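# What the coordinates show
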Amino acid sequence: MASLSSGSARESKAGFWKKNTSVPGSIKPVYGAQHPPPQTDITSPGWPVKKDDKGKSGKRDPFHDFENKTSDAWDDGDDDLIQMASLKMSLRDVQTSAKVVLDNHSKRANSQQQQHPVRGSSSANSVHTDESSSSAQQQSHPPTQPSPPHHHPSGPGLGVRLNSGGYQPPKMTSIRYVTNKTPDREAARMEKFKAVFTEPSLDLTELRKLCWSGIPKSVRPTAWKILSGYLPTAADRRQETLERKRKEYFSYIDQYYETRYQDQHEETFRQIHIDIPRMNPLIPIFQQLIVQEIFERILFIWAIRHPASGYVQGINDLVTPFFVVFLSEYIENDIEVENCDLGQLPQSTRNLIEADSFWCMSKLLDGIQDNYTFAQPGIQMKINALSELIKRIDAPLHAHLERHDVQFLQFSFRWMNNLLMREIPLRCTIRLWDTYQAELNGFADFHLYVCAAFLKRFSEDALRENDFQGILMLLQNLPTLHWRDKEISELLAEAFKLKYMFADAPRHLLHKS
């Protein structure tokens, strides 16, 4: 197993990054070392030169225009929303409208909170709300103007992506190791899971049924490993498989990781190194150097082993749920709220979490890799399908978006690119992924219906906005910060209903591409 000490490697980075001073721009793949980038046009870095950038109709492809003009969807400095809005209006209009929209949502949310206070939200979520509010204010009006009187109850969309310098992480807490105590309310479900796990040949269909409505925290790591295809259904082969695959992962580290500064690899690793600190900027553990190094290794090895797509901005966040779930095998801390030093964990434990996260993320991406290959055809098809589905289930909303020139591409690209991870809290993402893992092709197919249910849930709010920037500000910053399992369960129930109604219809979503 490779030594993971990286002191000397970190010291060498200063000189390496001096020649890489370009600011990250549009969403684009970073090709692996085995497949160097194709010939590119200097006006569109990272994308192959095309003789004709227009389609048969003579119109430019809006998807490619969007990619070329939109800042990195993960960049917390140059917000993609402002970039898109500037194509249609002056920045002054955007700032003025944004402030109005934020103030309106603040007043509505505060009114709702006074009537229905969220239990336990005052302490656990105050940091997120304050941060989101101050960041949104910086974007929405000049610093000389007075601050809005209310905190903006931002969702993880815009607010959490903007990390101002005033943010202070919570105080450091000690690691609490797992005690294997089962809450009484989960005891009955736990017995069902344990019975399934101990079968000599696990019934995968039965496990999917149990997992669809949510998985108890203590058995979630094992369930995810089996559902993702990382662990076999045969009970007597699981331990041997774990040991072999973990050893295989670290053999890749030995073989490839030292090559990350070589010419053919440096652009891949440079982009990974830039993206990692942007992940979940308000969750303290993801700002710890030891965690960022784990993510760098996982993503670099994945990119080297998948040269057809290479690394694409956004893949970095898809590691996060696996890392948090597999970490929960060993510690009790609430990762989303607490600030615990993962350096206290033994190196051997961190190695196990790292290897398991790599393999499960790889299995996930195997099913949606066309989302990240050149021109991202999977995302294009899903956005078109979402538009067609909304047209059928919510015609007034679809007409409202068209009337104000709001394209689905402008707000749902990120929904597809990162599986709604930037739209809902991390705890909700993990609950959502319980069902995605339980569904056949959940990340590829069922996700479409979840996005449709998600948009439909905020239909009335969108209809109240009467201009382009107001609608887009809402859809880019949906108020989901205080969501819990209840909201996700309702969303999944609506998505299941849509799937049941449309998935097998003979003329379902004809215009997929």
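Details of the structure are given in the entry above.
Residues numbered from 1 in each chain as written. Predicted model: local features only at pLDDT ≥ 70, side-chain atom pairs only at ≥ 80, totals over all residues. Heavy atoms only, no water.

## Thoughts on the nonpolar core
Note the cut-off: By nonpolar core is meant a set of buried Ala, Val, Leu, Ile, Met, Phe, Trp, Tyr and Cys residues that side-chain atoms within 4.5 Å join together. Categorising residues by exposure relies on relative accessible area from a 1.4 Å probe, with only protein chains included: less than 20% of the type maximum marks a residue as buried, more than 50% marks it as exposed, and the intermediate range marks it as partly exposed. The contact rule is simple, with two residues in contact once any of their heavy atoms fall within 4.5 Å.
Core analysis: the largest hydrophobic core is formed by 119 residues, its most contacted members being Phe286, Phe323, Leu342 and Trp433. The contact partners of Phe286, leaving out residues within four places of it in the chain, are Met279, Asn280, Val291, Gln292, Phe295, Thr320, Phe323, Val324 and Leu426.

## Points about the packing of helix α17 (residues 408-417) against helix α19 (residues 442-457)
Short version of the rule: Only the contacting stretch of a helix is used when fitting its axis, a line to C-alpha atoms as for every element, and angles between N-to-C directions run 0 to 180 degrees. In this text, helices come from DSSP runs of H or I with a minimum length of four residues, and strands from runs of E with a minimum of two, each type numbered from the N-terminal end. Angle categories: roughly parallel below 35 degrees, roughly antiparallel above 145, roughly perpendicular from 65 to 115, and oblique for all the rest. In this scheme the crossing of two helices becomes right-handed for a clockwise turn of the near helix relative to the far one and left-handed for an anticlockwise turn of less than a right angle. Residues are grouped as follows: Ala, Val, Leu, Ile, Met, Phe, Trp, Tyr, Cys and Pro are nonpolar; Asp, Glu, Lys and Arg are charged; all remaining types, including Gly, are polar.
At their nearest, the axes of α17 and α19 sit 11 Å apart, and the two run at 130° to each other. As summarised for this structure, α17 and α19 are arranged oblique, according to the angle between their axes. Every pair of crossing elements has a handedness; the one defined by α17 and α19 is right-handed. In this structure, α17 uses Phe408, Phe411, Trp415 and Met416 to contact α19, whose residues at the interface are His447, Cys451, Phe454 and Leu455. Counted by class, the contact of α17 with α19 contains seven nonpolar, one polar and no charged residues.

## Brief notes about the packing of aromatic side chains
Under the convention used in this document: Classification of ring pairs uses Phe, Tyr and Trp, with its six-membered ring standing for Trp, and accepts pairs whose centres are within 6.5 Å; under 30 degrees between planes counts as stacked, over 60 as edge-to-face, and the remaining range as tilted.
Inspection of the entire model under this criterion finds 28 aromatic pairs. A ring pair is formed by Phe286 and Phe295, whose centres lie 5.9 Å apart and whose planes are at 85°; its orientation type is edge-to-face. Accessibility classification places Phe286 together with Phe295 in one group, the buried group. On the basis of an interplanar angle of 85° and a centroid distance of 5.1 Å, the ring pair of Trp433 and Phe443 is categorised as edge-to-face. Of this pair, Trp433 sits in helix α18 (residues 426-438) while Phe443 sits in helix α19, and the two are ten residues apart along the sequence. Across this residue pair, the class does not change: Trp433 and Phe443 are buried.

## So, helix α11 (residues 266-275)
Of all ten residues making up α11, seven are buried, and the element is well covered by its neighbours. Within α11, burial applies to Glu266, Thr268, Phe269, Arg270, Gln271, Ile272 and Asp275.

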